[in-house]
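# Summary of the model geometry
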There are 2 protein chains.
Amino acid sequence: MRLKDLGERALLARLAPLGYPPEAPLPPGDDAGGVWAEGRAWLLKTDGFLYREVALKGMGPFEVGFRGVAATASDLLAKMGRPLGFTLGLFLPEDLEEGFVLELVRGAAEAAKRLGAFLLGGDTNRGVEVALTVSGYALAEAPLPRKALPGDLLYLAGDRWGRTGAAIRAHYEGRSLEGFPKIREAAFYPLPRLELLALSGLLRGSLDSSDGLAETLWQLADLGVGVEVEALPLYPDVLAFAGSEEAALELVLYGGEEFEAVLVVPQEGAAAVEARAKAKGLPLFRAGRVVAGEGVYLRGAPLPRKGYAHF
Amino acid sequence: MRLKDLGERALLARLAPLGYPPEAPLPPGDDAGGVWAEGRAWLLKTDGFLYREVALKGMGPFEVGFRGVAATASDLLAKMGRPLGFTLGLFLPEDLEEGFVLELVRGAAEAAKRLGAFLLGGDTNRGVEVALTVSGYALAEAPLPRKALPGDLLYLAGDRWGRTGAAIRAHYEGRSLEGFPKIREAAFYPLPRLELLALSGLLRGSLDSSDGLAETLWQLADLGVGVEVEALPLYPDVLAFAGSEEAALELVLYGGEEFEAVLVVPQEGAAAVEARAKAKGLPLFRAGRVVAGEGVYLRGAPLPRKGYAHF
């Protein structure tokens, strides 16, 4: 079967178990992979993308390099891994300017630095267009898989929900982001949250959200539970940008590129999680609950699954 | 300046220091990068390539996947890192067959398995042609940089010298490898040497050789020493394939894709290194010595620098 008929999710599901360790800190197909070594969980993650597919209007190579490290770091942090270092795999047209590549790598280095981590080199190859992969490794005291049990509560960490979606919408509609500084910042410098590590040991599970919140919630439901969304974060600037509550919610649910985490919290641990997040300055929004059953519901209505896939 | 005018080596030299840790187990620009964590050296390496640039006649996706993990593992092992796991970053045309991708990943998994390591997932993206990056991480008891002092001896580890070059030549000249099983094996399944780890602590330095032996020796000379090559390994099958000693030596020096290591050994440690290698079954060839001065000489004559670069 051709990839475009198979679909990316089905492809990844078939690839994930190949060569995966029988005893690992995280199951195959989770946001990151890893091994146990020296009694600790060492995580490894690679994420790739085409420059032209992520460079919004106004973004340059610096921002795209920053975004690349952010995307990989977001997966590691959602698994409670503290990022140590990153490498870049670059495919570059031979008539590209040196300055472009330097800015790309400087942006990646800046994101790594702001995460307390480093760039550890990489590789360049000739390619017909600019394409990148970013790999990162992390040490996890308590690696956190995608997991949920009926009765658990759902929280959204961070404050980019809807904002990155708004920036992507602005790009495709040719709209300016002037007057929307937080929307611009969320899309141009989406730094994942080191503060998540402060919640280590308190959570049932967590998922990186970068293909859109709705898709992420559906991936949670794929674990064999039902997801009931009771509330969604609706920031004033997203509402102002979108023009209506309905349009704003569409951005929150289907925006993508958030690089935030969806957290699953046992009911009895909710107060501790909220207190710890508050102490660390991590925005946390209580969005709903996990139930026995299947599917994703928003205030009782089935939530359509429309996520981004490369094939 | 455009990349094709700058050249790949100059580009990498400018990129390597960006974001690199001030205190690291290996210097920037070495075969792999790394950080200290928990008192140990954790190495990370990414290597990328285009499928069509490495797939020789007769190789399929399985062999290319195998080769990808081998290339990254070779860098880690040359630095005395024991590979733990690998991830794949794949760019794939959407009309590619699923079976092709599965074979690619199965080949990568097989190489990882034969190195005592695992595949830890990866990422797929749409691309105009098949391109891969392979990332790997490793734990090193005694990380070994590129280093050499006048008086040190040079050894070549492994037995692929000239053989991979012969396979590449056969590909471009449309020649069959029938009757040359070791040449075919060297190019199709170039498994790096776990046995190198047995030499940990006995070596001054080492370099991965994958752009050709001559280029690797020139990179050694770039450290500020002279390199005197006194002898080169000339296997009977490489000589038979090449047809003359001169043509065979050309393959040994400029073949590329060896995924073997050039070892720098303090004179007083040579006997111990030879004994350890013999005990482990690691082929070792004494090729020459490091001297004060500069440049690379083969039996007194300057050795031309002609290495492969992507730009």
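Going by an unreviewed UniProt entry, chain A carries the name Thiamine-monophosphate kinase and comes from Thermus thermophilus. For the record of chain A, the UniProt heading Sequence similarities (unreviewed entry) holds the text "Belongs to the thiamine-monophosphate kinase family." Regarding chain A, the UniProt comment filed under Function (unreviewed entry) reads as follows: "Catalyzes the ATP-dependent phosphorylation of thiamine-monophosphate (TMP) to form thiamine-pyrophosphate (TPP), the active form of vitamin B1."

On a plain count of helices and strands, chain A comes out with 11 helices and 12 strands. A globule of 311 residues ought to have a C-alpha radius of gyration of about 19 Å, and chain A, at 19 Å, matches this closely. Structurally, chain A occupies a C-alpha span of about 55 × 55 × 50 Å along its principal axes. For chain A, with 311 residues in total, the buried portion stands at 62%. A separation threshold of at least 6 residues defines the contact pool for chain A, and within that pool the share at least 24 residues apart is 82%. Summing over all exposed atoms, chain A offers an accessible surface of approximately 11600 Å²; the carbon and sulfur share of this is 51%. For chain A, the distance from the average position of its 33 positive side-chain charges to the average position of its 41 negative side-chain charges is 3 Å.

This paragraph deals with the pairing of strand β9 (residues 260-265) of chain B. Residues and elements named next belong to chain B. Burial runs high along β9: 6 of the 6 residues are buried. Residues Glu260, Val262 and Val264 of β9 are buried on one face, and the alternating residues Ala261, Leu263 and Val265, pointing to the opposite face, are buried as well. Relative to β9, strand β7 (residues 205-209) runs antiparallel, the two sharing 5 bridges. Counterpart to glycine 205 in the pairing with β9 is valine 264.

By the definition in use, this model includes 11 aromatic pairs over all chains. When the centroid spacing of 6.4 Å and the interplanar angle of 65 degrees are considered together, the rings of phenylalanine 188 of chain A and tyrosine 189 of chain A count as edge-to-face. Ring centres 5.1 Å apart and planes at 50 degrees place the aromatic pair tyrosine 51 of chain B and phenylalanine 100 of chain B in the tilted group. Here phenylalanine 100 of chain B lies in helix α5 (residues 98-114) and tyrosine 51 of chain B lies in helix α3 (residues 51-54), a separation of 49 residues in the sequence.

Right, let's get into the packing of helix α5 (residues 98-114) of chain A against helix α2 (residues 8-15) of chain B. Each pair of packed helices can be summarised by the angle the axes make with each other and by the distance between the axes. Where α5 of chain A contacts α2 of chain B, the axes come no closer than 10 Å and their chain directions differ by 30 degrees. Here the hand of the crossing between α5 of chain A and α2 of chain B comes out right-handed. The segment α5 of chain A lies against α2 of chain B, with Glu98, Val101, Leu102 and Val105 of chain A engaging Leu11, Arg14 and Leu15 of chain B. Each residue belonging to the contact of α5 of chain A with α2 of chain B can be placed in one class, and the counts come to 5 nonpolar, no polar and 2 charged.

One chain copy maps onto the other through a rotation about an axis and a shift parallel to that axis. With an RMSD of 0.0 Å, chain B superimposes on chain A once it is rotated by 180 degrees and translated 0.0 Å along the axis. The two molecules are tied by a two-fold rotation axis, judged by turn and shift. Of the residues that chain B buries at the interface, 100% are likewise interface residues in chain A, meaning the two copies contact each other through the same surface.

Residue and element names in this part refer to chain A. If you check the domain split of chain A, you get domain 1 (3-140) and domain 2 (152-302). The straight-line distance from the C-alpha centre of domain 1 to that of domain 2 is 21 Å. At the interface, 26 residues of domain 1 touch 24 residues of domain 2. Summing both sides of the interface, domain 1 and domain 2 together bury roughly 2300 Å²; the carbon and sulfur share of this comes to 65%. Counting the surface domain 1 buries against domain 2, the share from its top three residues, Leu56, Leu77 and Met80, is 26%. Summed over the shared surface of domain 1 and domain 2, the result is 2 salt bridges. There are 9 residue pairs in polar contact (both at pLDDT 80 or more) connecting domain 1 and domain 2.

To continue, consider the nonpolar core. Core analysis: the biggest nonpolar cluster contains 218 residues, and Phe86 and Val101 of chain A together with Phe86 of chain B have the highest contact counts within it. It is α5 of chain A that contributes the most residues to this core, 9 residues altogether. Of all hydrophobic cores here, the second largest spans 6 residues; its members include Leu50 and Ala131 of chain A together with Leu50 and Ala131 of chain B.

Moving on to the interface of chain B and chain A. Opposite the 68 residues of chain B that make contact, chain A presents 69 residues. A per-residue breakdown of the area chain B buries against chain A is headed by Leu44, Glu98 and Tyr137 of chain B, which together make up 11% of the total. For the interface between chain B and chain A, the tally reads 8 salt bridges. Notably, a salt bridge pairs arginine 2 of chain B with glutamate 97 of chain A, separated by 3.9 Å at the nearest N-O pair. Elements supplying a minimum of two residues to the side of chain B that touches chain A: α1 (3-6), α2, β1 (33-37), β2 (40-50), β3 (81-92), α5, β4 (118-126) and β5 (131-140) of chain B. With 10 residues, the top contributor of residues to the side of chain B that touches chain A is β2 of chain B. When the residues that make up the side of chain B that touches chain A are grouped by side-chain class, the tally is 38 nonpolar, 14 polar and 16 charged.

Quick notes on the rules
Residues numbered from 1 in each chain as written. Chains lettered and ligands numbered in written order. Predicted model: local features only at pLDDT ≥ 70, side-chain atom pairs only at ≥ 80, totals over all residues. Heavy atoms only, no water. UniProt positions renumbered as here; feature names shortened; annotations may be inferred. Helix = DSSP H or I, 4+ residues; strand = E, 2+ residues; numbered from the N terminus. Rg over C-alpha atoms; globule rule 2.2 N^0.38 Å. Buried < 20%, exposed > 50% of the residue type's maximum accessible area, 1.4 Å probe, protein only. Contact = heavy atoms within 4.5 Å. Areas by Shrake-Rupley, 256 points an atom, 1.4 Å probe, with all protein chains shown as cover. Lys, Arg positive; Asp, Glu negative; His and termini not counted. Charge placed at Lys NZ, Arg CZ, Asp CG, Glu CD. Pairing = 2+ DSSP bridges. Phe/Tyr/Trp six-rings, centres within 6.5 Å; stacked < 30°, edge-to-face > 60°. Axes fitted to C-alpha atoms, helices over the stretch in contact; angles between N-to-C directions. Left-handed = near helix turned anticlockwise from the far one by under 90°. Nonpolar A, V, L, I, M, F, W, Y, C, P; charged D, E, K, R; others polar. Least-squares fit on C-alpha atoms with pLDDT ≥ 70 in both. Domains from an automatic or database assignment. Buried area = accessible area lost by both parts, 1.4 Å probe. Salt bridge = Lys/Arg side-chain N within 4 Å of Asp/Glu carboxyl O. Polar contact = N/O pair within 3.5 Å; in protein donor to acceptor, adjacent residues only side chain to side chain. Core = buried A, V, L, I, M, F, W, Y, C linked by side-chain atoms within 4.5 Å.

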